[in-house]
Amino acid sequence: MIVRELKPNVYSLSAIDWDRKLFDELVPLPEGTSYNAYLVKGSEKTALIDTVHPSMTEDLLKALKSMGLERLDYIVSNHAEPDHAGSIPAVLAAYPQAKVLANVKCRSLLTSSLNLPADAIQLLQDEQVLSLGDKSLRFLWVPWVHWPDSTITYIVEDHIMFSCDFLGAHLATSDLYASDEARVERAARVYYAEIMMPYRPNVNKHLKRLEDLSIKMIAPSHGPVYARPDFILSLYRQWTGDETRPEVIIPYLSMYESTAKMVAYLVDRLMEKGMSVQPFNVANLDSGRFSSALVEASTVVFASPTVLNGPHPAMAYAAYLANVLRPKTKYAAIIGSYGWGTGMPESLAAMLTNLNVKWFEQINVGGTAKAEDFVALDRLVADICAANGLLAN
Ligand code: FEO
């Protein structure tokens, strides 16, 4: 870890995890990640904003020592998840005079996960301002942009916002700033999809609250710093707004090519009509790509063969993801095929009750698709095109 200055007396202490491939045994990290702590030195007091993943605690302690930091007054915990709070006990051991600052929800989570005594943590109120001398920290509680404890810390004089997970990106890079915006946008979009999208209306509400804040820099706890805040804020406004894109996402798989032929026909007909289409074979699902595709797509067609009178388990996983991520999708359909049991569409629909969509006609084919089944697929194409403002013919 190296120490890099963002502004006079404001430092980035970023633990870059180049090798990590999976987060929470769940989220693929194709480009690694970072855990960013920040140090703010006021004329009278010094505060550390968040810490790092426990596996990189030693890096953080060495970096603090390399700065010649003899005294630390505050450790601000914006969020209690261990990738940001897990090094707090070690930092406290190195700087025993430091006070941990957290809101009431974060304090409860910290005491249960780190076994810190509650009286070791000083409570923060929403909108509280803490003076460090010539710099002051303002704390904004933004519950449920991610977890109930989520907090933003803001340096009033420098207009720097430390947003923790909010607005971040899983990206290991030597770039201090988000200079490669296309790369950062891809990573930030996947991150938003997997972490924030389930709370989309709430995230949008908190974005509106931030409009009253003068923000010159956003320093998240994963990925590079935004020296151009409107880059990420405008993306978040787009992702969390109600508008969708005319695009059809088709999670599918096939056991004997019957469902695959229906999907291939559907893809071709939709492309002929000028629709944007993305099929995802869920047998080897890249959950990051799939989640990212759901961020703005207007339409999802689930296409599954039948296993034991329900969807294929790989489709059940894709449906579970789509259901818990709560994308703003407006239209959906279920198509597929069966050998002896016709219950797949009902079972699959019952897994998708969080989707606030208009459902199109289900198409469930016995064996392989016949002429009348392709006519039904043509009707589905016409319905999708009409719903998306395209003429079907
Ligand atoms: Fe990056 Fe919610 O932890």
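Scope of this entry: the structure provided in the associated data block.

Conventions and cut-offs
Residues numbered from 1 in each chain as written. Predicted model: local features only at pLDDT ≥ 70, side-chain atom pairs only at ≥ 80, totals over all residues. Heavy atoms only, no water. Helix = DSSP H or I, 4+ residues; strand = E, 2+ residues; numbered from the N terminus. Expected span 1.5 Å × (residues − 1). Contact = heavy atoms within 4.5 Å. Pairing = 2+ DSSP bridges. Axes fitted to C-alpha atoms, helices over the stretch in contact; angles between N-to-C directions. Salt bridge = Lys/Arg side-chain N within 4 Å of Asp/Glu carboxyl O. Phe/Tyr/Trp six-rings, centres within 6.5 Å; stacked < 30°, edge-to-face > 60°. Buried < 20%, exposed > 50% of the residue type's maximum accessible area, 1.4 Å probe, protein only. Lys NZ or Arg CZ within 6 Å of the ring centre and 35° of its normal. Disulfide = S-S within 2.5 Å.

**Points about helix 7 (residues 229-240)**
Part 1: Taking 1.5 Å of rise per residue, the 12 residues of helix 7 would be expected to cover 16 Å, and the 16 Å separating its terminal C-alpha atoms lies within 8% of that figure.
Part 2: Close packing links the buried residues of helix 7 with helix 5 (181-196), helix 6 (200-210) and strand 14 (217-220).

**Focus on the sheet that holds strand 13 (residues 160-164)**
Part 1: The strand order 10-11-12-13-14 describes an open sheet built from five strands, whose pairing is mixed. In the strand order of this sheet, the two ends are held by strand 10 (129-131) and strand 14, each with one partner. The average angle at which neighbouring strand axes cross in this sheet is 25°, direction not considered.
Part 2: Judged from the four bridges that link them, strand 13 and strand 14 form a sheet pairing that is parallel. Across the sheet, the residue bridging to M161 is I218, located in strand 14.
Part 3: Sitting on the sheet, helix 6 is in contact with strand 11 (136-141), strand 12 (151-155) and strand 13, with an inclination near 150° to strand 11.

**Here we look at the pattern of salt bridges**
Part 1: Evaluation of the coordinates by the stated rule reveals 13 salt bridges.
Part 2: With its nearest N and O atoms 2.8 Å apart, the salt bridge here joins E272 to R269. Highlighted residues: E272 and R269, both in helix 8 (residues 258-272), separated by three residues, approximately one helical turn.
Part 3: Connected through salt bridges with shared partners, the residues D126, E127, R138 and R209 form a single ionic network.

**Let's talk about the packing of aromatic side chains**
Part 1: Throughout the structure, instances matching the rule amount to 10 aromatic pairs.
Part 2: Ring plane angle 65° and centroid distance 5.5 Å describe the contact between F280 and F290, whose orientation is recorded as edge-to-face. With F280 in strand 16 (residues 276-281) and F290 in helix 9 (residues 287-293), this residue pair connects regions lying 10 residues apart in the sequence. When sorted by exposure, F280 lands in the same class as F290, which is buried.
Part 3: Taken together, the ring pairs in this structure connect F166, Y192, Y236 and W239 into an aromatic cluster.
Part 4: The residue whose ring lies beneath R269 is Y265, and the NZ or CZ to ring-centre distance is 4.7 Å.

**Re the pairing of strand 13**
Part 1: The element strand 13 is largely enclosed, with a buried count of five among its five residues.
Part 2: Here strand 13 shows a buried face lined by I160, F162 and C164 and a second buried face lined by M161 and S163.
Part 3: As paired strands, strand 12 and strand 13 are joined by three bridges and run antiparallel to one another. The residue bridging T153 from the neighbouring strand is F162, located in strand 13.

**A closer look at helix 8**
Residues spaced three or four apart along an α-helix point in a common direction, a consequence of the helix completing one turn every 3.6 residues.
Part 1: Under the 1.5 Å per step criterion, the end-to-end length of helix 8 is 22 Å for 15 residues, consistent within 8% with the ideal 21 Å.
Part 2: Taken together, the buried positions of helix 8 are S258, T259, A260, M262, V263, Y265, L266, V267, R269 and L270.
Part 3: Residues of helix 8 that are buried in the fold lie against strand 15 (245-252), strand 16, strand 17 (297-307), strand 19 (331-338), strand 21 (363-366) and helix 12 (371-387).
Part 4: Of the residues one or two after helix 8, G274 is the one with positive phi, at around 90°.

**Observations regarding the state of the cysteines**
Part 1: Within this structure, the stated rule accounts for zero disulfides.
Part 2: Note on C106: no disulfide assigned, nearest cysteine sulfur contributed by C164 at a separation of 8.7 Å.
Part 3: Owing to a relative accessible area of 0%, C106 belongs among the buried residues under this scheme.
Part 4: Since its relative accessible area comes to 3%, C164 is described here as buried.

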